Amino acid sequence: MFDSIVEAVFHHAGRQPDKLCLADDFRSVTYREYAETICRYANLFEKLGISREGYVVVEACQTIDYLAIQMALQLNGAIFVPLEHNCAHDRIQALATRMEAEMIVACRDRGFDAPLFYTHDQLGRMAGAEPASFSAGFPNSAEISEILFSTGTTGREKGIVLTHANEVALAGNVIEGVQMERDNVEMISSPMNHSHGLRRYYANMYNGSSVVLLGSVLNMKLFLENMDKYRVNSLDLVPSALSVILQLSRDRLAGYRGQIRYIQFGAAPMLEADRLRICELLPDARLYNFYGSTESGCSCLYNFNRPDSKKNCIGRPACNAEIFIVDENRREIASSASNTGLLASRGPMNMLHYWRDPAETEKVLCDGVLYTNDVAYIDEDGDVILLGRKGDVINVGGNKVSPEEIEDVAKHIPGVADCGVIPVDDPGKGSVPKLFVQMAQGVPFDPVAIRNRLSEGLDPYKVPVYIVQIQAIPRSFNGKLLRKELKKQ
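Because the structure is a prediction, the values reported are computed rather than measured.

J.: Explain the pattern of salt bridges to me, please; I cannot follow it from the model alone.
T.: In a structure, side chains of opposite charge can pair up when their charged atoms sit close to one another. For the structure on display, the rule yields 33 salt bridges. Its salt-bridge partner being arginine 32, residue aspartate 18 comes within 2.7 Å of it at the nearest N-O pair. Taken together, the residues span a long stretch of sequence, with aspartate 18 in the loop between helix H1 (5–15) and strand E1 (20–23) and arginine 32 in helix H2 (residues 31–48) at a distance of 14 residues. Glutamate 360 is the salt-bridge partner of lysine 158, the closest N and O atoms lying 4.0 Å from each other. Here lysine 158 is found in strand E8 (residues 158–163), whereas its partner glutamate 360 is found in helix H11 (residues 358–364), with 202 residues between them in sequence. Residue glutamate 360 is classed as buried on the basis of its relative accessible area, which comes to 11%. The network of salt bridges with common partners includes Lys310, Arg316, Asp379, Asp381 and Asp383.

Below, the structure is given as structure tokens:
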């Protein structure tokens, strides 16, 4: 229906001008006010000489003005390049130099060397004097909208190039996948430079719904105030944020039964204890786990708040995605638990390519199909079962073992605060599991007791051969286990 997210925003501003569009920690705006803010920034960028297809590097923050800057750049035909909040000065400068960026926008003045440099506040004051209308047309669906830089699992930073058509397809996957209604009010705490948070925001904007930005889940008072003030009926959380909320809210989420329709999770695996707890607190809510990557997001989803929930299940393809399993030569196979392969996806949500990196692009993308290193199979019900990353899945004498399955059992052992599993070579079995455990403060490490408890919940060949203690399990900002770091131990 719309060629871009920004076009959808302006459409809704005409149809429902007084409806809540966005709220942040400081203020809220209606759709009309948001469209006017976007226009003011777009006129300012035109006056500053930002060109079509020019790169603009922007430090992210959880504010209305940050997102208006993004929309205005895209309305002008410029390419939005977001980086995380408080990103290192040298990284911002190096990327802007490498891309020959026309402008850097940062949260505070840090003396960047760029053709144009402004802080968010400076741009906001300048934009305030601009007209609230914009005469240029909306971007074409095939135009590049943004470049999201991600290190992925290889450790090498790559720029994922996305078009407006990609963003619209991603929004469609989310809207249909969660059965989003027009009166949706979704609170998003995920960083707005990250694909996870951005894509939930896009979905709500495309749908004409409302978004409440939360600066930090550590501010539980504001979290609860927003729940009540805006009548929030859906949430978007990464697993680490859920852990914080469950710890700080002291079961107060149960008071929102009947109000919360669904919660979206993604970006990293969830702790099994947290999964069970949120199901208990919100038994009637739909709890979705989204599978995807920055290259091909929101491509598969699963409501795990159901009696027949399956382990390692990521559900079925989203409306704009086709999921299939291939062998090492990229030939499609009829997969099963005994005949696993690698997950591949086809659909308009797949990225255009990696920025100026055809060699890396060829490794994952061919004829519109994105090939992953995720070991999976499709079961007899048509559900996709994900075992883990190639190289992480443990082949014990021909039996494929998911490290997450072992971790789920280990996390239920009293005294184990966190854990991680990696494969290690074994002369007789090919490879065997090795378990790293982080013990709770004051709890002694007893590998024999841990092994005995694991034996109660796992098949014999899945029980780790090696169990070692570690001071802290390495995880990313959103809670994703960094197995490569464990392998260096």
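J.: I tried to follow the side chain of threonine 372 on my own but got confused; where do I start?
T.: As for its placement among the helices and strands, threonine 372 is situated in strand E20 (residues 369–378). Here the side chain of threonine 372 touches leucine 343 through a polar contact of 2.7 Å, landing on its backbone oxygen. Looking at threonine 372, its side chain comes within polar contact range of the main-chain nitrogen of aspartate 374, at 3.1 Å. Here threonine 372 is in contact with Tyr291, Leu342 and Leu343, once residues within four sequence places are set aside.

J.: I tried to follow the environment of leucine 281 on my own but got confused; where do I start?
T.: Mapped onto the elements of the fold, leucine 281 is located in helix H10 (residues 272–281). Using a relative accessible area of 4% as the deciding quantity, one classes leucine 281 as buried. Put simply, leucine 281 and tyrosine 256 are 25 residues apart on the chain and 9.0 Å apart in space, counted from C-alpha to C-alpha. With residues up to four places along the chain from it excluded, the contact list for leucine 281 reads Leu246, Asp251, Leu253, Ala254 and Arg257.

Rules of the game
- Residues numbered from 1 in each chain as written.
- Predicted model: local features only at pLDDT ≥ 70, side-chain atom pairs only at ≥ 80, totals over all residues.
- Heavy atoms only, no water.
- Salt bridge = Lys/Arg side-chain N within 4 Å of Asp/Glu carboxyl O.
- Helix = DSSP H or I, 4+ residues; strand = E, 2+ residues; numbered from the N terminus.
- Buried < 20%, exposed > 50% of the residue type's maximum accessible area, 1.4 Å probe, protein only.
- Polar contact = N/O pair within 3.5 Å; in protein donor to acceptor, adjacent residues only side chain to side chain.
- Contact = heavy atoms within 4.5 Å.

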